[in-house]
Amino acid sequence: MRLTKFKDTAAIVGQIGDEIQALVAQKTDAVICIAGGDTPLPVMKRLVDLKRNGSIDFSKVQFLGLDEWVGLGYDTKGSTRQTLYDNLYHPLAIPEAHIHFFQGDNANLQEEIDKTDAFVEQYGIDYMLLGIGMNGHIGFNEPGVGDDLMTHVIDLDTVTTTVMSKYFDDDLPLTQGMTLGFGQILQTKHLVLMATGEKKREIVKQTMASDMTRQIPSTILKKSVNETNFYVDAAAGELVED
Ligand code: F6R
């Protein structure tokens, strides 16, 4: 995993926009997976701008979800589904048939797991944009997680249940998440992990300084044999060298 420090968020967003533009120009039906959370929001805005000015044709691209809070669907503000649909899929006018996203409120979560695993097995993943949790979680692969899992349901770490209030209007009794596993994430052809802001400074440092350990899931990305970039802004990258 190669770390690159950028001046600011805008510079990272420009880089990722260029990468996705080049990918889709070369593979019109690419499979792209973008995390929810706050970090990728400026990237989503950039992709919408690139579509509006005619620089990217997303009509054949397939979008895959990374994770969801168990119990939540589109109607809950702060669900990953609502974040992705409102900020990316709807503005890009992606047809429903090209969106492959967990239904976190399905009473039968195994159905969600099976259809996601089947999709990834058939099509693979060309490009994935990840954020990093304060505890190093990737998607909802929480500390202690296995490094070879496929899609699974997992108990949320206490750091995640503490931080999550920033996404929701009300206190929600969420205890589990559903996520792609490292067995799938590590197969992605082009992985990008993005961190911005000083709150991420410590976990960026730990990720780079530590050997691979399940206790810091972001270190598991070091196992990838495909192109894997860690893009940080000056604030998040203050304690590391690139
Ligand atoms: C959300 C997700 C999480 C976030 C991480 C960072 O879909 O996959 O792993 O990327 O918790 O969240 P933010 O970007 O809000 O700091």
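In case you missed it, the structure is sitting above this.
Definitions and limits used
Here the residue numbers are simple positions, counted from 1 along each chain's written sequence. With the structure being a predicted model, the display of local features is reserved for residues of pLDDT at least 70 and the display and counting of side-chain atom pairs for 80 or more, all residues being used for whole-chain, interface and lining totals. To obtain the side-chain values, all non-hydrogen atoms of the structure were used and water was disregarded. A molecule or strand has a residue near it when one of that residue's heavy atoms lies within 4 Å. Definition of a polar contact: a pair of N or O atoms within 3.5 Å, with one able to donate and the other able to accept a hydrogen when the atoms are protein atoms, and with sequence-neighbouring residues admitted only if both atoms are side-chain atoms. Note that accessible areas follow from Shrake-Rupley with a 1.4 Å probe, and for residues the cover is restricted to the protein chains shown. Amino acids outside the nonpolar list (Ala, Val, Leu, Ile, Met, Phe, Trp, Tyr, Cys, Pro) and the charged list (Asp, Glu, Lys, Arg) are all regarded as polar, and Gly is one of them. Each helix corresponds to a stretch of at least 4 residues labelled H or I by DSSP, and each strand to a stretch of at least 2 residues labelled E; elements are numbered beginning at the N terminus. Each residue is assigned to one of three classes by its accessible area relative to the maximum for its type, calculated with a 1.4 Å probe on protein chains only: buried under 20%, partly exposed between the two thresholds, exposed over 50%. Think of it this way: DSSP has to see at least two bridges between two strands before they count as a pair. Seen with the strands pointing away from the viewer, any crossover whose path from the first strand over the helix to the second strand runs clockwise is right-handed. By convention a nonpolar core is built from buried Ala, Val, Leu, Ile, Met, Phe, Trp, Tyr and Cys residues, the set being connected through side-chain atoms within 4.5 Å. Any two residues whose heavy atoms approach within 4.5 Å are treated as being in contact.

1. Brief notes about the site of the ligand
The full set close to the ligand counts 16 residues, and Thr39, Asp67, His137, Tyr167 and Lys200 are the nearest of them. One nitrogen or oxygen atom from the side chain of Lys200 is found 2.7 Å from an oxygen atom belonging to the ligand. Protein contacts shield 93% of the accessible area of the ligand, which totals 410 Å² for the unbound molecule. Across the shell around the ligand, the residue classes tally to 4 nonpolar, 8 polar and 4 charged.

2. Considering the side chain of Thr228
Within the element layout of this structure, Thr228 appears in strand β10 (residues 227–233). With relative accessibility at 8%, the residue Thr228 sits in the buried group. Looking at Thr228, its side chain comes within polar contact range of the main-chain oxygen of Asn226, at 3.0 Å.

3. A word on the pairing of strand β9 (residues 190–195)
Of all the 6 residues making up β9, 6 are buried; the element is thus mostly covered by neighbouring parts of the structure. Alternating positions in β9 separate into two faces, His190, Val192 and Met194 on one and Leu191, Leu193 and Ala195 on the other, with burial throughout. The sheet contact formed by strand β6 (residues 127–130) and β9 spans 4 bridges and is parallel. Looking across to β9, one finds that Leu129 is bridged to Val192. As defined by bridge partners, β9 adjoins β10 across 6 bridges and the pair is classed as parallel. In the strand pairing of β10, Ala195 is matched with Val232. Crossover connection from β9 via helix α7 (residues 201–209) to parallel β10: handedness right-handed.

4. What to know about the pairing of strand β8 (residues 176–179)
Across 3 bridges, strand β4 (residues 67–69) lies against β8 in antiparallel orientation. Bridging across to β8, Glu68 finds its partner in Met178. Examined bridge by bridge, strand β7 (residues 152–155) and β8 share 4 bridges and lie antiparallel to one another. Paired with Val153 across the two strands is Met178, which belongs to β8.

5. A look at the nonpolar core
Met128, Leu130, Leu180, Ile185 and Leu221 are the most contacted members of the largest nonpolar core, which totals 42 residues. Looking at this core, the elements that each hand over two or more residues are β2 (31–34), α4 (109–123), β6, α6 (182–185), β9, α7 and β10. Looking at which element gives the most residues to this core, the answer is α4, with 4 residues. The residues contacting Ile185, other than those within four sequence positions of it, are Leu66, Met128, Leu130, Ile138, Asn141, Leu180, Leu191 and Leu221. One finds Phe6, Ile34, Ile56 and Tyr231 within the second-largest nonpolar core, a separate group that totals 32 residues.

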